[in-house]
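Here is how the chains run, residue by residue.
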Amino acid sequence: MGRGFIMIVMIFADTIITVIINPRPIQNPIKRMSRFMKDKFETTLTFAKQKDAEDILRSFRSQFHFPQHKNKDAIYFCGNSLGLQPKNVEAAIQQELKDWQNLAVEGYYHAKTPWLFYQHNFSKPLAAIAGCNSEEVTVMNALTVNLHFMLLSFYRPSKEKYKIIMEASAFPSDQYAVETQVHFYGFDPDEAIIEIHPAHDEKIIREEDILATIDQHKNSLALVLIGGINYYSGQLFDIKKITAAAHKAGAIAGFDLAHAIGNVPLQLHDWDVDFAVWCSYKYLNAGPGAVGGIYIHEKYAHDKAHIRMGGWWGNDERTRFKMEKGFIPKPDASGWNQSTAPVFNMVALKASLELFELATMEKIRTKSCALTNYLSFLLQQLNNIKFEIITPNEIERRGAQLSLYFSEKGKQIHQKMTEAGIIVDYREPGVIRVAPAPLYNSFEDVYRFYEILKQFNEI
């Protein structure tokens, strides 16, 4: 047997035993898995239940609370907007309430998880998810606040190099942040912000267009800011290639990973990404408005002279309580912290990350690919409602989300889904986003979704 065969068996033997029937060497084992699974899917409940029985992450479903519809778990495919509540969150919050009640200010040193160093609890698990060193990541603020702080640190425009490249139709908050930052430095957003659009009549952006645009503007380019996964289309961008192209152009490479963190494997350090920001209430399941996160490459994090907006919690802990002026930043990403750790806005993330450490991103991604491929397969069997899956078909170019584009009547279809106990969301223009989250969704969820849609009459 060839070398490619051995590699695939090592990675996938636990879940795809019959891969041995086709031992052709293939360059990308993920593509091999995608093709194999689509060939073997069935449109039966028995098949879905069998896949759930084989799922090594199946026990995690019981660790989450599901909204109810007619006394049954709703079909919840909206983790790309707000993740479900882990059941261990309640006890974790009660512990902090108890420590506050019994210890008051002494909780900063003597709580079960001392508040003075609370943010340190997130470095190790988030580093594993983001693919970086523990000193390159920290939690603070919320996503757009963090994006502004990162732009103040990394967008240092000059008369010659001042332009920012973004994908067209980036999440509005990112657009607002970049627009106002450009104004802050006295530039015209219409000239300084370069948006990359999909080609004519296409819904996703071609990777080659991103790289070509970076090269085209290299002499005036200061920063590339891309969403790791586009919130609307579900397209996963090639972060490694984009970063390399930005650096070749002498520009900074930053990413909004709101839809990527906890969803797809990342290697931010090895890809040499300069900075990244994210929220934690989507795939990280930390609750509405939960604390955000940042990644800063160690070459900046270790450099105390690198520009940052100082605050008490970013100051060196050895001198913090001397109460003297003169900011001495910590030599890691937490040197960007500003204010006292908001414990009650962090505790749910801490509880959720305990589950991520048990599950591991490798297993989460493997199941996610299987769920999304199964969803794609079943959707393609429907002929009673008209839509287009605009998310890339290749699994290495998407995460858990499939975006269904309806040229008409999308809102009506979404309303029918809601009435049937399906929780997904609608985004203008015309897209229903469907995202089975592998930590708590099942193959049976996907099958039930298909069975309900199959009953829809044309609106």
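Computed from a prediction, not measured in an experiment: that's the story for all the values here. (Residues numbered from 1 in each chain as written. Predicted model: local features only at pLDDT ≥ 70, side-chain atom pairs only at ≥ 80, totals over all residues. Heavy atoms only, no water.)

Participant: Before we go on, may I ask you to explain empty space enclosed by the protein in this structure?
Facilitator: It is the rolling of a water-molecule-sized probe over the atoms that shows where space remains empty. Scanning the model with the defined rule gives one cavity of 30 Å³ or more in all. Reported here for the largest cavity is a volume of approximately 60 Å³. Split by residue class, the lining of the largest cavity holds seven nonpolar, two polar and no charged. (1 Å grid on protein atoms, 1.4 Å probe; cavity = no way out; pocket = protein on both sides within 12 Å on 5 of 7 lines; lining within 4 Å. Points joined across faces, edges and corners; volume = space filled by probe spheres on them. Nonpolar A, V, L, I, M, F, W, Y, C, P; charged D, E, K, R; others polar.)

Participant: Could you clarify how one ought to interpret the packing of aromatic side chains in this entry?
Facilitator: The geometry of an aromatic ring pair is captured by two quantities: the separation of the ring centres and the angle between the planes. Scanning the entire structure with this criterion turns up 23 aromatic pairs. On the numbers, 5.3 Å between centres and 85 degrees between planes, the contact of Tyr 108 with Trp 115 is edge-to-face. A ring pair is formed by Phe 154 and Phe 275, whose centres lie 5.0 Å apart and whose planes are at 25 degrees; its orientation type is stacked. Linking Phe 154 in helix H7 (residues 143-154) with Phe 275 in strand E11 (residues 275-278), this pair joins segments that are 121 residues apart in sequence. Owing to a relative accessible area of 4%, Phe 154 belongs among the buried residues under this scheme. (Phe/Tyr/Trp six-rings, centres within 6.5 Å; stacked < 30°, edge-to-face > 60°. Helix = DSSP H or I, 4+ residues; strand = E, 2+ residues; numbered from the N terminus. Buried < 20%, exposed > 50% of the residue type's maximum accessible area, 1.4 Å probe, protein only.)

Participant: Even after reading the chapter, I still don't get the nonpolar core, so can you show me in this structure?
Facilitator: Among soluble globular proteins, nonpolar side chains are generally buried collectively. Residues Ile 214, Leu 257, Trp 278 and Leu 284 are the most contacted members of the largest nonpolar core, which totals 68 residues. Among the elements that make up this core, the one with the highest residue count is helix H13 (residues 343-359) (eight residues). Excluding anything up to four places from it in sequence, Leu 284 contacts Leu 126, Ile 129, Ile 261, Gly 262, Trp 278, Cys 279, Leu 349, Ser 352, Leu 353 and Phe 356. Within the second largest apolar cluster, 31 residues are counted, among which are Phe 47, Tyr 374, Leu 382 and Phe 406. (Core = buried A, V, L, I, M, F, W, Y, C linked by side-chain atoms within 4.5 Å. Contact = heavy atoms within 4.5 Å.)

Participant: Please explain the environment of Phe 255 as it appears in this structure.
Facilitator: Structurally, Phe 255 can be placed in strand E10 (residues 252-256). Residue classification places Phe 255 among the buried positions, given a relative accessible area of 1%. Spatially, the C-alpha atoms of Phe 255 and Pro 67 are 32 Å apart, while their sequence positions differ by 188 residues. Apart from the residues lying within four places of it in its own chain, the contact partners of Phe 255 are Leu 225, Ile 226, Ile 239, Ile 242, Thr 243, Val 273, Phe 275, Ala 276 and Val 277.

Participant: Even after reading the chapter, I still don't get unusual backbone geometry, so can you show me in this structure?
Facilitator: Peptide bonds are trans in most cases, and residues, glycine excluded, mostly fall at negative phi. Cis geometry marks the peptide bond from Glu 428 to Pro 429, where omega comes out at -5 degrees. Within the secondary structure, Pro 429 sits in the loop between strand E16 (425-427) and strand E17 (431-434). Despite not being glycine, Lys 70 has its phi angle at roughly 55 degrees, a positive value. Along the chain, Lys 70 turns up in the loop between strand E2 (68-69) and strand E3 (72-73).

Participant: How do you make sense of the sheet that holds E11 when you look at a structure like this?
Facilitator: Hydrogen bonds between backbone atoms are what pair the strands of a sheet, whose relative direction is either parallel or antiparallel. Pairing is mixed in the open sheet, where seven strands are placed in the order E6-E12-E11-E10-E9-E7-E8. Looking at the sheet topology across the chains shown, the edges are occupied by strand E6 (137-140) and strand E8 (193-196). Pairwise comparison of adjacent strand axes, ignoring direction, gives a mean angle of 20 degrees for this sheet. Strand direction decides the pairing type here: E10 and E11, joined by three bridges, are parallel. Counted as the bridge partner of Phe 255 is Ala 276 from E11. Running over the sheet, helix H6 (residues 123-130) touches E6 and E11 and is turned about 115 degrees from E6. (Pairing = 2+ DSSP bridges. Axes fitted to C-alpha atoms, helices over the stretch in contact; angles between N-to-C directions.)

Participant: Just checking my understanding: could you explain the side chain of Asn 315 for this structure?
Facilitator: Tracing the backbone through its elements, the reader meets Asn 315 in the loop between helix H12 (298-301) and H13. Sequence-distant contacts of Asn 315, that is, excluding residues within four places in its chain, are made with Arg 320, Gly 326, Phe 327, Ile 328 and Lys 330.

Participant: Where do I start with the environment of Pro 436 in this structure?
Facilitator: Positionally, Pro 436 belongs in the loop between E17 and helix H16 (443-454). Judged by its relative accessible area of 0%, Pro 436 falls in the buried class. Residues Pro 436 and Asn 315 lie 121 residues apart in sequence; the distance between their C-alpha atoms is 41 Å. The contacts of Pro 436, once residues within four sequence positions are left out, are Phe 77, Leu 371, Leu 375, Ala 400, Asn 441 and Val 446.

Participant: Explanation requested: a nonpolar patch on the surface in the structure shown.
Facilitator: Residues Tyr 109, Phe 117, Trp 312, Phe 321 and Met 323 make up a contiguous nonpolar surface patch of roughly 550 Å² in combined accessible area. The residue Trp 312 is located in the loop between H12 and H13 in this model. (Patch = residues over 30% accessible without salt bridge, like charges linked within 9 Å, V, L, I, M, F, W, Y side chains within 5 Å. Areas by Shrake-Rupley, 256 points an atom, 1.4 Å probe, with all protein chains shown as cover. Salt bridge = Lys/Arg side-chain N within 4 Å of Asp/Glu carboxyl O.)

Participant: Please explain helix H10 (residues 207-216) as it appears in this structure.
Facilitator: Glu 207, Ile 210, Thr 213 and Ile 214 are the residues of H10 that are buried. All buried residues of H10 fall inside an arc of 130 degrees around its axis, so they share one side. Summarising the geometry of H10, the exposed residues directed more than 90 degrees from the buried face are Glu 208 and Gln 216. (Arc of directions from axis to C-beta.)

Participant: Explain the packing of helix H14 (residues 361-379) against H16 here, please?
Facilitator: If you want to describe how two helices pack, look at the angle between their axes and the distance between the axes. Two elements in contact, H14 and H16, have axes separated by 10 Å at closest approach and are oriented at 15 degrees. As the angle between them shows, H14 and H16 are arranged roughly parallel. Of the two possible hands of crossing, H14 and H16 adopt the one that is right-handed. For the pair formed by H14 and H16, the contact residues are Ala 370, Leu 371, Tyr 374, Leu 375, Leu 378 and Leu 379 on the first element and Phe 443, Val 446, Tyr 447, Phe 449, Tyr 450 and Leu 453 on the second. (Parallel < 35°, antiparallel > 145°, perpendicular 65-115°, else oblique. Left-handed = near helix turned anticlockwise from the far one by under 90°.)

Participant: Help me out: how do you make sense of a negative patch on the surface in this one?
Facilitator: Taken together, the side chains of Glu 179, Asp 188, Asp 190 and Glu 191 define an acidic patch exposed on the protein surface. Secondary-structure assignment places Asp 188 in the loop between helix H8 (172-184) and helix H9 (189-192). (Lys, Arg positive; Asp, Glu negative; His and termini not counted. Charge placed at Lys NZ, Arg CZ, Asp CG, Glu CD.)

Participant: Sorry, what's going on with the pattern of salt bridges here?
Facilitator: Any two side chains of opposite charge can pair, on the condition that their charged atoms come close. Going through the model one piece at a time under the given rule, you end up with 19 salt bridges. The partner of Glu 202 in a salt bridge is Arg 206, with the nearest N and O atoms 2.4 Å apart. Of the residues examined, Glu 202 reaches a relative accessible area of 31% and is grouped as partly exposed. For Arg 206, a relative accessible area of 35% translates into the label partly exposed. The residue Arg 427 makes a salt bridge to Asp 425 at a minimum N-O spacing of 3.5 Å.

Participant: For this particular structure, what's the right way to read the sheet that holds strand E13 (residues 388-389)?
Facilitator: Spatially, E13-E14-E17-E16 is the arrangement adopted by the four strands of the open sheet, whose pairing is antiparallel. Looking at which strands have only one partner, the edges of the open sheet turn out to be E13 and E16. Relative to strand E14 (residues 402-405), E13 runs antiparallel, the two sharing two bridges. Residue pairing for E14: Ile 389 is matched across the bridge by Leu 404.

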